[in-house]
Amino acid sequence: GQNSEMEENKTLVANFVKEAAPLLTKSGQIHMNHKTKPPFDQWKIEEVAMRRIAQDVDSDGTLGYLGRVVWDRALFPPHVPRKARHCKSFSTHDARTYVFAEGHKSGSPRSLA
């Protein structure tokens with residue numbers, strides 16, 4: 001069902017952070033786009049990623065959650081969002097880009113401008 005798929009996707013996010021973090025330069029960033037209205041807000045992308053970072057990715061604690069920005073599809077004209085299993089397009093008006101940065105200790109989540 002939907003809950004098991006959400007848990008599988010949260011695991012995918014955690015594993016992505018685990019694999020991407022060691023590849024970052026000192027000023028590197030990880031960007032992840034995700035929808036924010038229900039039920040997608042239940043994913044809690046920043047919490048899933050930071051939990052994974054705390055577990056084993058970043059022992060010196062320098063990779064942190066920088067914040068999020070509104071994802072503007074107009075900046076990516078050839079991009080057409082697709083559902084993985086159904087290849088149908090969907091609206092991205094509520095999407096945000098979550099930013100995690102090397103050399104930045106996490107504080108309170110904020111919106112980047």
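Rules used throughout
Residues numbered from 1 in each chain as written. Predicted model: local features only at pLDDT ≥ 70, side-chain atom pairs only at ≥ 80, totals over all residues. Heavy atoms only, no water. Helix = DSSP H or I, 4+ residues; strand = E, 2+ residues; numbered from the N terminus. Buried < 20%, exposed > 50% of the residue type's maximum accessible area, 1.4 Å probe, protein only. Contact = heavy atoms within 4.5 Å. Areas by Shrake-Rupley, 256 points an atom, 1.4 Å probe, with all protein chains shown as cover. Salt bridge = Lys/Arg side-chain N within 4 Å of Asp/Glu carboxyl O. Pairing = 2+ DSSP bridges. Axes fitted to C-alpha atoms, helices over the stretch in contact; angles between N-to-C directions. pLDDT = per-residue confidence, 0-100.

Draft legend 1. Spatial organisation of the overall build of the protein chain. Looking only at helices and strands, the protein chain has two helices and three strands in total. Looking at the protein chain as a whole, 35% of its 113 residues are labelled buried. At a minimum sequence separation of 6, the contacts of the protein chain that also span at least 24 residues come to 78%. Surface accessibility of the protein chain: about 7400 Å² in total, with carbon and sulfur atoms responsible for 53%.

Draft legend 2. Layout of the pattern of salt bridges. Counted by the stated rule, this structure contains two salt bridges. Among the ionic pairs, Glu7 bridges to Lys10, the shortest N-O distance being 3.5 Å. In this pair, Glu7 and Lys10 both sit in helix H1 (residues 2–20), three residues apart, roughly one turn of the helix. Here Lys10 falls in the buried class, since its relative accessible area comes to 16%. A salt bridge links Asp94 to Lys35, with the shortest nitrogen-to-oxygen separation between them at 3.0 Å. With Asp94 in the loop between strand E2 (64–70) and strand E3 (95–101) and Lys35 in strand E1 (residues 29–35), the pair connects residues that are 59 residues apart, well separated along the chain.

Draft legend 3. Representation of the sheet that holds E2 in the model. The strand order across the open sheet formed by three strands is E1-E3-E2, and the pairing between neighbours is antiparallel. Whereas interior strands pair on both sides, the edge strands pair on one side only; in this sheet they are E1 and E2. When the angles between neighbouring strand axes are averaged without regard to direction, this sheet yields 25°. Summarising the sheet, E1 and E3 pair through seven bridges and their orientation is antiparallel. Counted as the bridge partner of Met32 is Tyr98 from E3.

Draft legend 4. Seen up close, the confidence of the model for the protein chain. Per-residue confidence for the protein chain gives a mean pLDDT of 80; residues scoring 70 or more make up 77%. At the low end of the mean pLDDT range in the protein chain sits helix H2 (residues 45–57), at 80; at the high end sits E3, at 91.

Draft legend 5. Looking closely at the environment of His93. Structurally, His93 is set in the loop between E2 and E3. For the pair His93 and Trp71, spaced 22 residues apart in sequence, the C-alpha to C-alpha distance is 8.0 Å.

Draft legend 6. View of unusual backbone geometry. Backbone torsion omega between Pro38 and Pro39 reads 0°, so that peptide bond is classified as cis. For Pro39, the location among the structural elements is in the loop between E1 and H2.

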